[in-house]
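# Remarks on the overall topology
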Amino acid sequence: MTTAFRGVGDNDDQVHRLDSGKWQDQTFPRDGWRFSTFKDAGTAHIRCEMCLNARVRFAHTLVHAKVPEGILVGLMCAEALQKDDYYGPERREREYRDDLRIRNDWHKRKWKTSKIGNAYINARGFNISIWRKGAGYGVTIRVENRFEDEFVRNDPKMYMNLKEAKLGALDRLMEARAELRRQG
Ligand SMILES: [Zn+2]
């Protein structure tokens, strides 16, 4: 029987041991867990609350009807606790890390200017444009090259300047990505 998930080159404190921590407690639920949110512990890392061994930066918050406080776990323990959704934890963590990368790199992005003078950017399959809206700016995000169900969302906000509009555009991009994920 496997007692630990060990990747090549993993240090001991990166291993989610299946024979340690709450895995030893037979009364602790092994199924019925549902993903809630991520917690980014940053460089501090936190101890996986299931195996109590691995230290992780990205913790999956899992919730359970019988465990009101929930549990913060790393990927391997998340997969072991969600066998009915085995590929879910890895996909969610990948998407979360990807979102984080987009956020961190956003300020480096070079915006272009359209023929009619609007700032725009093509990012991750989306076209995002900023246009004059009254005394300020509006933001529109769309997915292009879709034959059906063209995706267009207009930001209801008005931004006072281009800098704010570009930050708003990032939030709209995150929301649009989440919305399309939910649609599957
Ligand atoms: Zn663990």
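See above for the structure.
Just so you know, these numbers come straight off a predicted model, no measurement behind them.

## Here we look at the packing of aromatic side chains
All chains considered together, the criterion is met by seven aromatic pairs. When the centroid spacing of 4.5 Å and the interplanar angle of 25° are considered together, the rings of F38 and Y96 count as stacked. Of this pair, F38 sits in strand β3 (residues 34-40) while Y96 sits in helix α2 (residues 88-105); the two residues are 58 residues apart in sequence, bridging distant segments of the chain. The class for F38 is buried, based on a relative accessible area of 15%. Here Y96 falls in the partly exposed class, since its relative accessible area comes to 24%. Relative to Y87, the ring of Y86 lies with its centre 5.6 Å away and its plane at 85°, an arrangement referred to as edge-to-face. Judged by relative accessible area, which is 39%, Y86 ranks as partly exposed. Here the basic side chain of K22 rests over the ring of F28, its NZ or CZ set 5.6 Å away from the ring centre. Positioned over the ring face of Y137 is R132, at 4.6 Å from the centre of the ring.

## Describing the sheet that holds strand β11 (residues 136-143)
Taken in spatial order, the five strands line up as β8-β9-β10-β11-β12 in an open sheet, and their pairing is antiparallel. Strands with a single pairing partner mark the edges of an open sheet, and in this sheet they are β8 (112-113) and β12 (151-154). Pairing of strand β10 (residues 126-133) with β11, which is carried by eight bridges, proceeds in the antiparallel orientation. Note on β11: the bridge partner recorded for K133 is G136.

Calculation notes
- Residues numbered from 1 in each chain as written.
- Predicted model: local features only at pLDDT ≥ 70, side-chain atom pairs only at ≥ 80, totals over all residues.
- Heavy atoms only, no water.
- Phe/Tyr/Trp six-rings, centres within 6.5 Å; stacked < 30°, edge-to-face > 60°.
- Helix = DSSP H or I, 4+ residues; strand = E, 2+ residues; numbered from the N terminus.
- Buried < 20%, exposed > 50% of the residue type's maximum accessible area, 1.4 Å probe, protein only.
- Lys NZ or Arg CZ within 6 Å of the ring centre and 35° of its normal.
- Pairing = 2+ DSSP bridges.

Bear in mind that shape data such as this cannot, by itself, settle questions of function.
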